[in-house]
Amino acid sequence: VQLQASGGGLVQAGGSLILSCAASGGTFQYYAMAWFRQAPGKEREFVAVVSRGGGRTLYADSVKGRFTVSRDNDKKKAYLRMENLKPEDTAVYYCAADRVIMTGVHVDKDQYDYWGQGTQVTVSS
């Protein structure tokens, strides 16, 4: 599976962005889709995940209530809608795919089989 993340950019605090992750080369609906982020000098951290069918989601506490993860299996895309952005959200955002059974979702990055190239999100204060 190849993943291509897009939609990053520079936004002021309080603003919004929508990230997209386009998948190719595999059976998209076999994979839970997640977003992780990595700020300079920090470990890559979990942001959000959506289950294979889209019915189950999990979020990091730091983004709960501000970010929404979703997917469109017909289009083979996953999305991360980010609202009320804060300077501490500044990072490179990565999408990742995890082959799972049923509605399984994971927050551990080591569970993920495929990664996109990352897209930069910068939030100015």
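Here the structure is a predicted model, which is why all the values come from computation and not from measurement. Numbers given to residues run from 1 along each chain, matching the order in which its sequence is written. Given that the model is predicted, a residue must reach a pLDDT of at least 70 before its local features are reported, and side-chain atom pairs must reach 80 or more before they are shown or counted; all residues, however, enter totals for whole chains, interfaces and linings. Only heavy atoms go into the side-chain values, all of them from the structure, while hydrogens and water stay out.

Novice: Mind laying out the nonpolar core, listing which residues take part and the relevant values?
Specialist: Nonpolar cores were defined as sets of buried Ala, Val, Leu, Ile, Met, Phe, Trp, Tyr and Cys residues, with membership established by side-chain atoms within 4.5 Å. A 1.4 Å probe rolled over the protein chains alone gives each residue an accessible area, and that area as a share of the maximum for its type sets the label: buried under 20%, exposed over 50%, partly exposed in between. Of all hydrophobic cores here, the largest spans 39 residues; its most connected members are Met33, Trp35, Leu80, Met82 and Tyr93. By definition, any uninterrupted DSSP run of H or I lasting at least four residues is a helix, any uninterrupted run of E lasting at least two residues is a strand, and each is numbered from the N terminus. Mapped by element, the contributors of at least two residues to this core are strand 1 (2-6), strand 3 (17-24), strand 4 (31-38), strand 5 (45-50), strand 7 (67-72), strand 8 (77-82), strand 9 (91-99) and strand 11 (119-124). Element by element, the count of residues in this core is highest for strand 4, at six residues. Discounting chain neighbours no more than four positions away, the residues touching methionine 82 are Gly15, Ser16, Leu17, Leu19, Arg66, Phe67, Tyr93 and Val121. Every residue pair with non-hydrogen atoms within 4.5 Å of one another is taken to be in contact.

Novice: Which residues make up the packing of aromatic side chains, and what are the values?
Specialist: Aromatic contacts are taken between Phe, Tyr and Trp rings whose centres are within 6.5 Å, Trp giving its six-membered ring; a plane angle under 30 degrees counts as stacked, one over 60 as edge-to-face, and the others as tilted. The final tally for this structure, using the stated rule, is five aromatic pairs. On the basis of an interplanar angle of 75° and a centroid distance of 5.9 Å, the ring pair of tyrosine 31 and tyrosine 114 is categorised as edge-to-face. Here the residue tyrosine 31 occupies a position in strand 4, and tyrosine 114 occupies one in strand 10 (residues 114-115), the gap between them amounting to 83 residues. Pairing phenylalanine 36 with tyrosine 112 gives two aromatic rings, centres 5.2 Å apart and planes at 75°, and the pair type is edge-to-face. In this pair, phenylalanine 36 is assigned in strand 4 and tyrosine 112 in the loop between strand 9 and strand 10, connecting sequence segments 76 residues apart. Like tyrosine 112, phenylalanine 36 is buried. Three or more aromatic residues link up through ring pairs in this structure, and these residues are Phe36, Phe46, Tyr112 and Trp115. We call a charge positioned above a ring when the Lys NZ or Arg CZ atom is no farther than 6 Å from the ring centre and deviates by at most 35 degrees from the ring normal. Stacked on the ring of tyrosine 94, the Lys or Arg arginine 44 has its end atom at 3.7 Å from the ring centre. Lying over the aromatic face of phenylalanine 28, arginine 71 brings its terminal NZ or CZ to 4.4 Å of the ring centre.

Novice: Let's hear about empty space enclosed by the protein: which residues, and what values?
Specialist: Over the atoms rolls a probe the size of a water molecule, and its path tells where empty space is left. Residues are said to line a cavity or pocket when one of their atoms sits within 4 Å of a point; the points come from a 1 Å grid over protein atoms alone, cavities being sets where a 1.4 Å probe fits but cannot get out and pockets being open sets with protein on both sides within 12 Å along at least five of seven lines. Grid points are joined across faces, edges and corners, and a volume is the space filled by probe spheres set on the points. Considering all chains together, one arrives at one cavity of 30 Å³ or more under this definition. Of the voids in this model, the largest cavity is the one considered here, and its volume is about 30 Å³. Surrounding the largest cavity, Val1, Ala23, Ser24, Gly26, Phe28 and Tyr31 form its lining. Grouping the constituent residues of the lining of the largest cavity by class yields four nonpolar, two polar and no charged. Throughout, the ten residues Ala, Val, Leu, Ile, Met, Phe, Trp, Tyr, Cys and Pro are labelled nonpolar, Asp, Glu, Lys and Arg are labelled charged, and all others, Gly among them, are labelled polar.

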